[in-house]
Amino acid sequence: MATSNQTPVRLPSVRQLAAHLGVSTSTVMSVYGKLKERGLIESVAGSGSYLKGTPVSQPIRVTTNVPTAEAMQSGSWYAELMGGLTVAAFKSGKMILLRAMDSLRDGEPDLSPQYREVALVFPAQPCRQKLLSWASAHRLSTIFLNRVDDNSTENFVSADYFGTSRQLGRAFLQSERKRILFIAHTPLSEATSNRLRISGLLAGLNYGSDNGVHFEMIFTNSETNREAGRQGLLQYLEKHGTYPDAIYAPGDFMAVGCYLELRERGIAVPEQVSIVGGTGLMLDRSECPLLTRMSHPYEALGKELVSMMLDQLAHPDRPCPGRILPMCWLGGGTTTEQENALLFPQ
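Participant: Explain the nonpolar core to me, and be specific about the residues and the numbers.
Facilitator: If you look at the biggest cluster of nonpolar residues, it comprises 50 residues, and the most contacted ones within it are Ile247, Leu262 and Ile275. When residues in this core are grouped by element, the largest group, 7 residues, is from helix H9 (residues 252–264). Setting aside residues up to four positions removed in sequence, Leu262 forms contacts with Leu233, Tyr243, Ile247, Ile267, Val269, Val273 and Ile275. Ranked by size, the runner-up nonpolar core spans 21 residues in total, among them Ile180, Leu201, Ala246 and Trp329.

Below is the structure:
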């Protein structure tokens, strides 16, 4: 076993890599398992895991503004994304080390000639401006997950929130859903992805064409996503005295919160109310494993992020065109058969 330069590359242990990436050990174990299945790494008893058949290269250190607490949540969207990024990096023979801005005690990240440095910015997360200022001061390559604003065309990788939400709007329209509730826990000014979700949904609903559709967005600021979903639904009920007949939440567990509240009140899902989440997490152990939800292409997003990082490092003065990746649907248990016929075409 050797790489192309005949030097075996020993991978970090599960605990070491989890600490470097800022994710849980279960995420790393899952990634290592996938890499082994694909023949990209091999394990040697008593020695560890090794990268197969790829050249050794200088590690890339990625500084991000996702809070450490969120990064460490097993099964979170961030852990799923970093798993996809890690798989893509290993497949291209690269080692990526991740650190969160808020984990640095002195606040100002250090730079080291040992690494190639990249800033990965999540527009809707804290410390965004601090990370951008630091990256700009040191002339670092900077990549964005999702558009920075509605007019962004460069240096971002994003899922297709607009197109997939338009598909959902068309499904709601054809099933004659009239009272549509969108629940958000991040202000629209800070979340381009939610603005794209809403504009796509309204386009699919043909909103404003005097077709009787009523759309409302409710912003909640609760400690958990489940509670945010529940509070958004209760606010709607208090205001209108009736339930929406379709709910779209950008977070899967916000949608689960709505589902639990409706179930407690004896409201049938999806017969009376359809519920859709927008994250695409694994919900096998949740109260609603068949929640209808958008499926983020986490591994494809990771692949495009790695590709863009390498392009930026090779050509730091040349912007990269933004990349938008298609999404699909999971579940199907909280939308009607008619809606599923459009969301899950054969």
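Moving on from the coordinates now.
Participant: Now, about the packing of aromatic side chains: what can you tell me, with residues and values included?
Facilitator: Tallied over the entire structure, the rule returns 2 aromatic pairs. On the numbers, 5.3 Å between centres and 90° between planes, the contact of Phe182 with Tyr248 is edge-to-face. Here Tyr248 lies in strand S11 (residues 246–249) and Phe182 lies in strand S9 (residues 179–184), a separation of 66 residues in the sequence. Here the aromatic rings of Tyr207 and Phe215 are separated by 6.2 Å at their centres, their planes lie at 70°, and the arrangement is edge-to-face. For Tyr207, a relative accessible area of 38% corresponds to the partly exposed category.

Participant: Which residues make up the sheet that holds strand S15 (residues 328–330), and what values do they have?
Facilitator: With respect to topology, 6 strands assemble into an open sheet ordered S10-S9-S11-S12-S13-S15, the strand pairing being mixed. Edge positions in the sheet fall to strand S10 (214–219) and S15, since each has one partner strand and no second. The sheet shows a mean angle of 25° between the axes of neighbouring strands, direction not considered. For strand S13 (residues 292–295) and S15, the ladder comprises 3 bridges, and the chain directions are antiparallel. From the neighbouring strand, Ser295 faces S15, where its bridge partner is Cys328. Contacts between helix H7 (residues 192–205) and the sheet are confined to S9, S10, S11 and S13, with S9 contributing the most and set at about 175° to the helix.

Participant: Could you give an account of the environment of Asp245, naming the residues involved and the relevant values?
Facilitator: Tracing the backbone shows Asp245 in the loop between helix H8 (225–240) and S11. Owing to a relative accessible area of 8%, Asp245 belongs among the buried residues under this scheme. Between the C-alpha atom of Asp245 and that of Ile180, which follows or precedes it by 65 residues, the distance is 6.4 Å. Side-chain polar atoms of Asp245 contact the backbone nitrogen of Arg179, separated by 2.9 Å.

Participant: Kindly report on the confidence of the model for the protein, identifying the contributing residues and their values.
Facilitator: In the predicted model, the protein carries a mean pLDDT of 86, and the fraction of residues at 70 or more is 88%. The low-confidence segment residues 1–7, where pLDDT is below 50, has 14 contacts with residues more than four positions distant or belonging to other chains.

Participant: Could you give an account of the pattern of salt bridges, naming the residues involved and the relevant values?
Facilitator: Across all of its chains, the model carries 15 salt bridges by this definition. We note a salt bridge from Asp150 to Arg195, for which the minimum N-O separation is 3.1 Å. Of this pair, Asp150 sits in the loop between strand S7 (141–145) and strand S8 (156–159) while Arg195 sits in helix H7, and the two are 45 residues apart along the sequence. The class of Asp150 is partly exposed, set by a relative accessible area of 45%. On the accessibility criterion, Arg195 (21% relative accessible area) is partly exposed. Taken together, the shared-partner salt bridges connect Arg61, Arg99, Asp110 and Glu117 into one network.

Participant: I'd like to hear about the sheet that holds strand S6 (residues 116–121), residue by residue, with values.
Facilitator: Spatially, 6 strands are ordered S5-S4-S6-S7-S8-S14 in an open sheet, and the strand pairing comes out parallel. Among the strands making up the open sheet, the edge pair consists of strand S5 (96–100) and strand S14 (323–325). Neighbour-to-neighbour, the strand axes of the sheet open up by a mean angle of 20°, direction not taken into account. The strands touched by helix H5 (residues 128–137) are strand S4 (60–64), S5, S6 and S7; relative to S6, the strand with the most contacts, the crossing angle is about 150°.

The rules we used
Residues numbered from 1 in each chain as written. Predicted model: local features only at pLDDT ≥ 70, side-chain atom pairs only at ≥ 80, totals over all residues. Heavy atoms only, no water. Core = buried A, V, L, I, M, F, W, Y, C linked by side-chain atoms within 4.5 Å. Buried < 20%, exposed > 50% of the residue type's maximum accessible area, 1.4 Å probe, protein only. Helix = DSSP H or I, 4+ residues; strand = E, 2+ residues; numbered from the N terminus. Contact = heavy atoms within 4.5 Å. Phe/Tyr/Trp six-rings, centres within 6.5 Å; stacked < 30°, edge-to-face > 60°. Pairing = 2+ DSSP bridges. Axes fitted to C-alpha atoms, helices over the stretch in contact; angles between N-to-C directions. Polar contact = N/O pair within 3.5 Å; in protein donor to acceptor, adjacent residues only side chain to side chain. pLDDT = per-residue confidence, 0-100. Salt bridge = Lys/Arg side-chain N within 4 Å of Asp/Glu carboxyl O.

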